[in-house]
Amino acid sequence: MTKYKTINPTTLDEALETLNGCNVMPIAGGTDLLVKFYEVYGKSLPKLVVLDGLIPLHEIKTENDRISLGPLVTFSEIENSPELRKAAPQLVQAASVAGSVQIRNRATIGGNIANGSPSGDLIPPLYVLNAELELSSVNGRRSIPIDKFFKGPGITVLEKNELITSISFDKTFENGFFLRLATRKALAISKVSVAANYSMQNGTITNVRIALGAVAPTVIRAPRTEEYLSGKELNDNVLSTAAKLIKEEAKPISDIRSIADYRREMVGVLLKRGLNGIPQSE
Amino acid sequence: MILRCMKHDSKHKIVGSSVPRVDAFDKVSGRAKYAADYNAKGQLYGMVCYASHPHAKILNIDTGKAAKLPGVRAVLTHEDIPGEKSFGSVIPHQMALCSDKVRYSGDVVAIVAAESIEVAEQAIELIDVDYRQLDVVSDPKVALKDGAILIHDENNLCAYHKVRRGNIDEGFEKSDVILERDYSTSKIEHSYIEPEAVLAEPGENGGITITGSVQNLYSIRRAVARVLGLSLNRVRIIQATLGGSFGGKDETMSALCCRAGLLALATGKPVKMVNTREMSMRESYKRHSYQIHYKVGSTKCGILQAIESEIYADAGAYAAMSPFVTWRSAVHATGPYSIPNVKTDVYAAYTNNCYTGAMRGFGSPQICFAIESLIDELAEELNLDPLELRLKNILKDNSITATGQGLKHKVSLKEVLDNVTEKMGFVDKWKQNREQKRDTAFKRGIGISCSYRGISLGAEGTDAAGVIISIQTDGSVILSTGLIEMGQGAATTISMIVSEKLGITPDRIRFLSADTSRSPDSGPTVASRTTFMAGNAALRGCHELLERIKPVAAELLRCPEQDLLFENNSVYAPNKTSEGDRKIPFSELADKCFQKGISLFAHGWYKSPPTTWNEENGQGDAYFTYVYGANLAEVEVDCITGNVRVLKFISSHDPGQIVNLSGALGQVYGGVIMGIGYAMLENYAESEGNPLVANFDEYLLPTACDIPEIETTLIHNPDELGPLGAKSLGEPACEIAAPAIANAVFNATGMRIRHLPLTLERVKLGKELVRIDSRGSVKARGG
Ligand SMILES: Cc1cc2nc3c(=O)[nH]c(=O)nc-3n(C[C@H](O)[C@H](O)[C@H](O)COP(=O)(O)OP(=O)(O)OC[C@H]3O[C@@H](n4cnc5c(N)ncnc54)[C@H](O)[C@@H]3O)c2cc1C
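Residues numbered from 1 in each chain as written. Chains lettered and ligands numbered in written order. Predicted model: local features only at pLDDT ≥ 70, side-chain atom pairs only at ≥ 80, totals over all residues. Heavy atoms only, no water.

Peer 1: How would you sum up the overall build of chain B? Please name residues and give values.
Peer 2: For chain B, the helix and strand inventory stands at 20 helices and 32 strands. A compact globule built from 783 residues should have a C-alpha radius of gyration of about 28 Å, and chain B, at 27 Å, falls within 12% of that. Structurally, chain B occupies a C-alpha span of about 85 × 80 × 50 Å along its principal axes. If you take every contact in chain B between residues at least 6 apart in sequence, the share linking residues at least 24 apart comes to 80%. Here chain B displays about 28,000 Å² of accessible surface, and carbon together with sulfur accounts for 49% of that area. Averaged over its 85 positive side-chain charges, chain B has a centre that lies 3 Å from the centre of its 94 negative ones. (Helix = DSSP H or I, 4+ residues; strand = E, 2+ residues; numbered from the N terminus. Rg over C-alpha atoms; globule rule 2.2 N^0.38 Å. Contact = heavy atoms within 4.5 Å. Areas by Shrake-Rupley, 256 points an atom, 1.4 Å probe, with all protein chains shown as cover. Lys, Arg positive; Asp, Glu negative; His and termini not counted. Charge placed at Lys NZ, Arg CZ, Asp CG, Glu CD.)

Peer 1: Explain the overall build of chain A to me, and be specific about the residues and the numbers.
Peer 2: Within chain A one finds 11 helices and 14 strands. Its C-alpha atoms give chain A a radius of gyration of 19 Å, near enough to 19 Å, the size a compact globule of 282 residues would have. When contacts within chain A are restricted to residue pairs at least 6 apart in sequence, those whose partners lie at least 24 apart make up 60%. Within the structure as shown, chain A displays about 12,800 Å² of accessible surface, and the carbon and sulfur contribution to it stands at 50%. Side chains of chain A give 33 positive and 30 negative charges; the mean places of these two sets differ by 6 Å.

Peer 1: Pulling in residues and values, what's your account of the pairing of strand 16 (residues 290-298) of chain B?
Peer 2: All names here are of chain B. Where strand 11 (residues 177-184) lies against strand 16, eight bridges are found, and the strand directions are antiparallel. Residue pairing across strands places Arg-181 opposite Tyr-294, the latter belonging to strand 16. In terms of strand pairing, strand 16 meets strand 17 (residues 304-316) through nine bridges, oriented antiparallel. Bridge pairing in strand 17 links Ser-298 to Leu-304. What sits between strand 16 and strand 17 in their antiparallel hairpin is a turn of five residues, with Gly-302 showing a positive phi close to 90°. (Pairing = 2+ DSSP bridges.)

Peer 1: How would you sum up the sheet that holds strand 6 (residues 132-137) of chain A? Please name residues and give values.
Peer 2: Within a sheet, adjacent strands bond to each other through the backbone by hydrogen bonds, running parallel or antiparallel. Residues and elements named next belong to chain A. Strand order in the open sheet formed by five strands is 4-5-10-6-7, with antiparallel pairing between adjacent strands. The open sheet terminates on both sides in strands that have one partner only, identified here as strand 4 (60-63) and strand 7 (140-145). Across this sheet, the average inter-strand angle for adjacent strands is 20°, counted without regard to direction. Of the strand pairs in this sheet, strand 5 (residues 66-69) and strand 10 (residues 163-170) are connected by four bridges, and their pairing is antiparallel. When the sheet's bridge partners are listed, Leu-69 is paired in strand 10 with Ile-167. Where helix 1 (residues 12-19) meets the sheet, its contacts fall on strand 6, strand 7 and strand 10, and the angle it forms with strand 10 comes to roughly 125°. (Axes fitted to C-alpha atoms, helices over the stretch in contact; angles between N-to-C directions.)

Peer 1: Quick one: what's the story with the sheet that holds strand 12 (residues 192-201) of chain A, residue by residue and with numbers?
Peer 2: All names here are of chain A. With antiparallel pairing, four strands are arranged side by side in an open sheet as 11-12-13-14. The open sheet terminates on both sides in strands that have one partner only, identified here as strand 11 (175-181) and strand 14 (220-221). The pairing of strand 11 with strand 12 spans seven bridges and is antiparallel. Note that in strand 12 the partner of Leu-179 across the bridge is Val-194. The sheet contacts of helix 5 (residues 89-97) involve strand 11 and strand 12, and relative to strand 11 the element is tilted by about 25°.

Peer 1: Can you lay out the nonpolar core for me, pointing to particular residues and giving the numbers?
Peer 2: Residues and elements named next belong to chain B. One finds Ile-127, Val-224, Tyr-294, Phe-649 and Ile-741 to be the most contacted residues of the largest nonpolar core, which totals 188 residues. Broken down by element, this core gets its largest block of residues, 11 residues, from helix 17 (residues 661-680). With residues near it in sequence (within four places) discarded, Ile-741 still touches Ala-633, Val-635, Val-646, Phe-649, Ile-676, Ala-679, Met-680 and Leu-758. Counting residues in each nonpolar core, the second largest holds 44 residues, with Leu-479, Leu-483, Val-498 and Ile-504 among its members. (Core = buried A, V, L, I, M, F, W, Y, C linked by side-chain atoms within 4.5 Å. Buried < 20%, exposed > 50% of the residue type's maximum accessible area, 1.4 Å probe, protein only.)

Peer 1: I'd like a description of the interface of chain A and chain B, backed by residues and values.
Peer 2: Contacts between the two partners involve 21 residues from chain A and, on the opposite side, 26 residues from chain B. The junction of chain A with chain B conceals about 2,100 Å² of combined surface from both sides, 61% of it contributed by carbon and sulfur atoms. Remark: the boundary between chain A and chain B carries two salt bridges. Salt-bridge contacts for Lys191(A) lead to Glu761(B); the nearest nitrogen and oxygen are separated by 3.0 Å. Applying the counting criterion to the chain A and chain B interface returns seven residue pairs in polar contact (both at pLDDT 80 or more). A per-element tally of the side of chain A that touches chain B places helix 11 (residues 260-275) of chain A first, with five residues. (Buried area = accessible area lost by both parts, 1.4 Å probe. Salt bridge = Lys/Arg side-chain N within 4 Å of Asp/Glu carboxyl O. Polar contact = N/O pair within 3.5 Å; in protein donor to acceptor, adjacent residues only side chain to side chain.)

Peer 1: Quick one: what's the story with empty space enclosed by the protein, residue by residue and with numbers?
Peer 2: Over the atoms, a rolling probe the size of a water molecule traces out where space has been left empty. According to the stated counting rule, one finds four cavities of 30 Å³ or more in the structure shown. The space that makes up the largest cavity amounts to roughly 310 Å³. Every residue lining the largest cavity is counted, 22 residues in all, and those nearest its centre are Ala182(A), Thr183(A), Arg184(A), Lys185(A) and Asn643(B). Counting only elements with at least two residues in the lining of the largest cavity, the list comes to strand 11 of chain A together with strand 28 (643-653) and helix 17 of chain B. The element best represented in the lining of the largest cavity is strand 28 of chain B, accounting for four residues. Partitioned by chemical class, the residues of the lining of the largest cavity number 11 nonpolar, five polar and six charged. (1 Å grid on protein atoms, 1.4 Å probe; cavity = no way out; pocket = protein on both sides within 12 Å on 5 of 7 lines; lining within 4 Å. Points joined across faces, edges and corners; volume = space filled by probe spheres on them. Nonpolar A, V, L, I, M, F, W, Y, C, P; charged D, E, K, R; others polar.)

Peer 1: Explain the state of the cysteines residue by residue, including any values.
Peer 2: Within this structure, the stated rule accounts for zero disulfides over all chains. Cys158(B) takes part in no disulfide bond, and the closest cysteine sulfur, belonging to Cys354(B), lies 14 Å away. (Disulfide = S-S within 2.5 Å.)

Peer 1: Let's hear about the site of the ligand: which residues, and what values?
Peer 2: All names here are of chain A. Contacts to the ligand come from 32 residues, most closely from Pro-26, Gly-29, Thr-31, Asp-32 and Thr-108. Within the side chain of Thr-31, one N or O atom sits 2.5 Å away from an oxygen atom of the ligand. Between an oxygen atom of the ligand and a side-chain N or O atom of Arg-180, the distance comes to 3.3 Å. Surface burial for the ligand is 90%, taken as the share of its 980 Å² of free accessible area covered by protein chains. Among the elements of the structure, strand 2 (24-27), helix 2 (33-39), helix 7 (109-115) and strand 10 are those that each provide at least two residues to the shell around the ligand. With four residues, helix 7 is the largest single contributor of residues to the shell around the ligand. Of the residues assigned to the shell around the ligand, the class counts are 19 nonpolar, 10 polar and three charged. (Near = heavy atom within 4 Å.)

Peer 1: So, the pattern of salt bridges: which residues are in play, and what are the values?
Peer 2: Residue and element names in this part refer to chain B. According to the stated counting rule, one finds 53 salt bridges over all chains in the structure shown. Arg-226 is the salt-bridge partner of Glu-84, the closest N and O atoms lying 4.0 Å from each other. With Glu-84 in the loop between strand 4 (72-76) and strand 5 (86-87) and Arg-226 in helix 6 (residues 217-228), the pair connects residues that are 142 residues apart, well separated along the chain. Looking at Glu-84, the relative accessible area reads 43%, which means it is partly exposed.

Peer 1: Help me get a handle on the domain arrangement of chain A, residues and values and all.
Peer 2: Residues and elements named next belong to chain A. Each assigned domain of chain A is listed with its residue range as follows: domain 1 (6-50), domain 2 (55-170) and domain 3 (184-276). Between domain 1 and domain 2, the C-alpha centre-to-centre distance is 19 Å. Summed over both sides, the interface between domain 1 and domain 2 buries roughly 1,200 Å², with carbon and sulfur atoms accounting for 61% of that surface. Taken as a group, Leu-12, Leu-16 and Thr-31 account for 37% of the area that domain 1 buries against domain 2, more than any other trio of residues on that side. Linking domain 1 to domain 2 there are zero salt bridges. One can count four residue pairs in polar contact (both at pLDDT 80 or more) joining domain 1 with domain 2. (Domains from an automatic or database assignment.)

Peer 1: Lay out helix 11 of chain A with the relevant residues and their values.
Peer 2: What sets the pattern is the α-helix's 3.6 residues per turn: residues three or four places apart point alike. For helix 11 of chain A, spanning 16 residues, the distance from its first C-alpha to its last is 23 Å, which sits close to the expected 22 Å at 1.5 Å a residue. Those residues of helix 11 of chain A lying buried are Ala260(A), Tyr262(A), Arg263(A), Met266(A), Val267(A), Gly268(A), Val269(A), Leu270(A), Leu271(A), Arg273(A), Gly274(A) and Leu275(A). (Expected span 1.5 Å × (residues − 1).)

Peer 1: I'd like to hear about the packing of helix 10 (residues 236-249) of chain A against helix 11 of chain A, residue by residue, with values.
Peer 2: Each pair of packed helices can be summarised by the angle the axes make with each other and by the distance between the axes. Residues and elements named next belong to chain A. Relative orientation of the contacting elements helix 10 and helix 11 amounts to 145°, with a least axis distance of 8 Å. As for how helix 10 packs across helix 11, the hand of that crossing is right-handed. Counting all contacts with helix 10, which are made through Leu-239, Ser-240, Ala-242, Ala-243, Ile-246 and Lys-247, the residues of helix 11 involved are Arg-264, Glu-265, Val-267, Gly-268, Leu-271, Lys-272 and Leu-275. (Left-handed = near helix turned anticlockwise from the far one by under 90°.)

Peer 1: Describe the packing of aromatic side chains, listing the residues and the values that go with them.
Peer 2: Residues and elements named next belong to chain A. Across all of its chains, the model carries 19 aromatic pairs over all chains by this definition. Ring geometry for Phe-177 versus Tyr-198: centroids 6.4 Å apart, planes at 70°, classification edge-to-face. Here Tyr-198 lies in strand 12 and Phe-177 lies in strand 11, a separation of 21 residues in the sequence. By the burial criterion, Phe-177 is buried, and Tyr-198 matches it. (Phe/Tyr/Trp six-rings, centres within 6.5 Å; stacked < 30°, edge-to-face > 60°.)

Peer 1: Would you mind going over the environment of Leu546(B) in detail, with residue names and values included?
Peer 2: Residues and elements named next belong to chain B. Inspection of the secondary structure assignment puts Leu-546 in helix 15 (residues 530-557). The class for Leu-546 is buried, based on a relative accessible area of 10%. For the pair formed by Leu-546 and Asp-250, sequence separation is 296 residues and the distance between their alpha carbons is 36 Å. Discounting chain neighbours no more than four positions away, the residues touching Leu-546 are Lys-501, Leu-502, Pro-551 and Phe-566.

Right, here's the structure in full:
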């Protein structure tokens, strides 16, 4: 880190003030940013505003049925939170399969969102939890639903001087899952992921929300599949139709991590498996 | 991890036991000095300017702007080379700095020495090179077609080897079943943890001293001397502690040493060059990708009659070790089986891809994957189980190999196969797995593979090595040899052999890093030859020393020489002297000898037993002895996602005599793990000569989470030629993992995968391919 020029604010106001300047950039766990910097090694780099010292942004808070996570909450903290395990199972599942222990100890939820990758593993769960992001700058705060935050791969609505200061959602008392496929068991980016949240009432599925990772320029919801499933009994026929529908909703590409056809096919497979309660295979 | 060791003998005190690596503490405590840890006062930093295209004519190189940048001390091109512009152990055409054209994307056209890395990098950006792009040749088969674009002056054939035995047509005539299959394997990066690094220092004598991450010091020295125009005795190459090599730090290091040497001589300053991982991936040679066609003929009851094969290796831009690598492939192409009629043709072709060379296995992992898959496919056609078909055809004592060599030693193939199959109840389990329900998503499978492997260089070339043993007056010992420790455990192994012979404990021995000016040219540290060659040389050195010090000991103990026992840092004559068991410390004996003017320094030299080879028909005693190994892999296949989990490995090998037990196990574990990477994950993909992967974020290796339980059984089968009976282990452990996995996937799913690696997409989409794939030409006759 000594190579990089850093500023270490201790209050949010101080941080926002600093970020209002030129050629500065916030850094949380650094697991995305330092990789990017390595690639431009030797070139002039912005000054890093180290967020770590902003203690309140590390907190997991519960108020009534609403949970709010500070952006600096790490994957490991999510993975090990008994509260979240009940209130947001899909988020916990996503946090626990990403990266490796070392990465999970550093990687933050705020960084995962701000980085804006369609394969960011915490993002599909946050879509199906209808998460709200709080964005702050010297000019004030605004609130934005997560599905309005992303514009394309790595492109978000975040202004240069803004920070994500909170991620909040209602506790879910319903069912949820997150499943993904990757090339190896650890330290691998998702080829495809599916997250869902839904209720089961008298054998029928309702309130179903499904989000897909790594199969479109941003994480996307699957509205047609959601609509189809709503109110249905979960039998083989229904699941097959849902799998077919969701394949049509995915818009995958081929790249170094996978092949478009494979991704499309797997979206359906993961949806079926999730709804059937088949756990993430390791 | 489980170990079973067959018939461990107690003949030896040290050899055969588990000794902690002599270099372990330095490595885990950070005391070990790797090449990049070396610095010299006033050193400059070297950087290279890579080719902008994989194939192009160089029209002009303008270094003017770069040379003017403050902090730059030298910018050199081929015009500044005092000696030859190229080097190479087999074909000396690899360019230290390119002159008329570039042949792959890792070629270098200019080099810079500057006061900092940053300045050196900026200077590289300022070098202007005009190119005229040429068509790119990226497929070895296309490269060999008439009219193909030429990479070098002559045609694109880099090497060709053939083996002819019996009459191939008659062999197929006698066959009831004939099967033809195509297989392919991918290009593999060595992935040593330490990228290449050197420090080159101009010497007082007008020569040069280079400390670096070097594997084969002597071939590197020849390259440097040739390019710098110096005699061998003025080029000194010192090996720093090596952070892994696996065959990889040879020609790549020759190039780096030449470049650093040129800059050091031009500036009169020490020059340090350290490759980043991206540079290493781009420039360093790889394990060859192979395209393999097999035709096999067998009788109804499974007696192999004939094997014909046509094999194409991608040599990339330069020959490097391709001629030898493909020769080994030719010798081993028919696997560890007795086959009366053989026709093998192996071609290596130049392309504009990254060049290829030595890597653990050296032409065998490709062959093992193909032949061991083929044998399973044949078993399926014949309705036999894979073990039965193998047992009917494997090499036995006195069998004749495909190259016409009679095996005079104890052939342990059946034993290793039994070891991996018996406990698991292979045949029953294999049959049960075949009957798994069609509609279950998760299916289990087991698969086996086996191999024989000629040890050391064989008929590739001269095979000899030397070890220097120097007893100090306090009884401690300094060992040095031209063969090196590169992580494989040679320092410990050779120390143990000396320890056994001189009766001193391994902690009394210090194994020095190799130094071309101080240790004898012992050829390359390759081909699993180090324990065998250096071990034998060390034994000779020990013998010489004992001959000199025994008379002194006998005199001191007043006993006949033959009663002396050297043990545990002392010498005594049990129950033979008037003084009973009086022990003389080894240190006292050493000091006495020194006082008497007896030389405590010996150089043991060992030349391998003879081998023969006839180029015309590919017949001969290719290697002086062979080792045998077998693997069993158990997998679980998720048939819906194509995800293959390797659950278990059972590995059995015949290393002759184990020297260091923990080292031997390490070789097996590491070999299996490397083999799993080969089977499941790794692929150095290229498109039109451009690499598609740049670092380990996309070139994926197995992590600790991907490693299954590995059960190992080592056979005790001392070889009369080996030092204390030892043969080799490092490469066999690695070469047969992939076919065991592919065979296990077939057992689970009924799906045959003939192309590596077995990624999820391959396994999943491979299933779809089966529907349109023609099933090969099966010819059933007479029944
Ligand atoms: C080896 C490895 C494996 C990985 N595996 C996975 C994986 O399996 N799944 C996965 O999803 N990701 C993975 N990642 C990516 C990465 O770990 C995650 O995206 C992580 O969440 C990033 O968080 P961070 O705190 O490290 O972000 P940083 O690198 O600190 O920041 C990332 C970006 O977000 C900005 N930023 C950070 N915090 C804020 C904030 N509060 N407000 C505004 N902007 C902010 C930064 O300026 C930067 O642009 C992996 C990375 C590595 C290196």
